[in-house]
Amino acid sequence: MLFRSYHQLKGLGQAKVHKGQKEMYLLPEQVAQVISAIDVDDTIPDELRIRDRAMIYLGFHLGLRVGEVGLLKKYNFRTLDEGTAMIPTLKKSPRIPAKCECGRRFRVAVSRIGEEYPCPRCGNGVSISGTKEQKKLSVTPEVEIPIPEESVRKFIADYIESLPEKQDYLFVARPDNPDSEH
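Throughout, a residue's number is its position along its own chain's written sequence, starting from 1. In keeping with the model being predicted, local features are shown solely for residues with a pLDDT of at least 70 and side-chain atom pairs are shown and tallied solely at 80 or more, while totals for entire chains, interfaces and linings include all residues. Hydrogens and waters are ignored; side-chain quantities use all the structure's heavy atoms.

1. Some details on the pairing of strand 2 (residues 95–99)
Along a regular strand, successive side chains alternate from one face of the sheet to the other. Only protein chains enter the accessibility calculation, which uses a 1.4 Å probe; a residue whose area is less than 20% of its type maximum is buried, one above 50% is exposed, and one in between is partly exposed. Runs of E in the DSSP output that reach at least two residues are strands. Runs of H or I that reach at least four are helices, and both are numbered from the N terminus. Only one face of strand 2 is buried: it carries Ile96 and Ala98, and the other face, with Arg95, Pro97 and Lys99, is open. Note that strand 2 and strand 3 (residues 105–109) share five bridges and pair antiparallel. Each residue of the ladder has a partner; that of Arg95, found in strand 3, is Ala109. Strand pairing follows a simple DSSP-based rule, namely that at least 2 bridges must link the two strands. Counting the residues between successive antiparallel strands, the hairpin from strand 2 to strand 3 contains five residues, one of them, Gly103, with a positive phi of roughly 100°.

Structural data, given as structure tokens:
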């Protein structure tokens, strides 16, 4: 939703949608406009401006989904010197079946075991049951992504170096509080 809000705020035009495709994506020129809008917006504090710029930049250059950008940790860039990054992916997470009282069957991430999850049809809470062994499988899988451009690798390294030592996640809600996650 960050892209849409910046589009609407700054009058950058519409994101492109191809026929038969639900996803929206930005063209390189539009990403540059979004980053420029972040840079010139005086209402955003400097530390948030740096964080927001890095989120857009990394999401675009690495081809990540919004949820994947939020999962990024310093550890994911342990192979940056070799020109790659180990990025967590949401697409290959282990999933287990669940069923609601309304009859709707659906699948949820193994990490949801023991939680209430809203039914996609009726919205009622469904208690997700499973075993401890299944929950241990909830580690988010990683995908190796090449980062051939030296400028992108330098940007990532500089951004990681600018973060507080105790902060594991690249992007936290409040950068001034390194103990907060997401």
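2. Let's talk about the packing of aromatic side chains
Pairing of aromatic side chains requires ring centres within 6.5 Å, counting the rings of Phe and Tyr and the six-membered ring of Trp. Pairs whose planes differ by under 30 degrees are stacked, by over 60 edge-to-face, and all others tilted. Tallied over the entire structure, the rule returns three aromatic pairs. When the centroid spacing of 4.1 Å and the interplanar angle of 45° are considered together, the rings of Tyr57 and Phe155 count as tilted. On the criterion of sequence distance, the pair formed by Tyr57 in helix 3 (residues 46–62) and Phe155 in helix 6 (residues 150–162) is long-range, its members being 98 residues apart. The class for Tyr57 is buried, based on a relative accessible area of 14%.

3. Considering the packing of helix 2 (residues 28–40) against helix 3
Every axis corresponds to a line fitted to the C-alpha atoms, with the helix fit spanning only the stretch in contact, and the corresponding angles, defined between N-to-C directions, vary from 0 to 180 degrees. At a closest axis distance of 9 Å, the pairing of helix 2 and helix 3 adopts a crossing angle of 170°. Looking at the two axes, helix 2 sits roughly antiparallel to helix 3. Contacts between helix 2 and helix 3 involve Pro28, Val31, Val34, Ile35, Ile38 and Asp39 from the first element and Arg49, Asp52, Arg53, Ile56, Tyr57 and Phe60 from the second. Residue composition of the contact of helix 2 with helix 3, by class: eight nonpolar, no polar and four charged. For this classification, under 35 degrees means roughly parallel, over 145 means roughly antiparallel, 65 to 115 means roughly perpendicular, and everything else is oblique. Residue contacts follow a heavy-atom distance rule, with two residues in contact if any of their heavy atoms lie within 4.5 Å. Residue polarity is assigned by list, with Asp, Glu, Lys and Arg as charged and Ala, Val, Leu, Ile, Met, Phe, Trp, Tyr, Cys and Pro as nonpolar; anything else, Gly included, falls into the polar class.

4. Some thoughts on helix 3
Taking 1.5 Å of rise per residue, 17 residues should cover 24 Å, and helix 3 covers 24 Å from first to last C-alpha, within 8% of that figure. Among the residues of helix 3, those classed as buried are Arg49, Arg51, Asp52, Ala54, Ile56, Tyr57, Leu58, Gly59 and Leu62. Once helix 3 ends, the next one or two residues include Gly63, with phi positive near 65°. Here a helix's expected span is defined as the number of its residues, less one, multiplied by 1.5 Å.

5. Observations concerning the pattern of salt bridges
By definition here, a salt bridge exists when the distance from a side-chain nitrogen of Lys or Arg to a carboxyl oxygen of Asp or Glu is within 4 Å. Counted by the stated rule, this structure contains eight salt bridges. The salt bridge partner of Arg53 is Asp39, with a shortest N-O separation of 3.2 Å. Taken together, the residues span a long stretch of sequence, with Arg53 in helix 3 and Asp39 in helix 2 at a distance of 14 residues. Of the residues examined, Arg53 reaches a relative accessible area of 29% and is grouped as partly exposed.

6. Comments concerning the confidence of the model for the protein
Per-residue confidence from the predictor is reported as pLDDT, a score between 0 and 100. Confidence in the prediction for the protein averages 80 pLDDT; 76% of positions are at 70 or higher. Highest mean pLDDT in the protein belongs to helix 6 (92); lowest belongs to helix 1 (residues 2–10) (44). Per-residue pLDDT stays below 50 along residues 1–12; that stretch engages in 22 contacts with residues further than four places along the chain or on separate chains.

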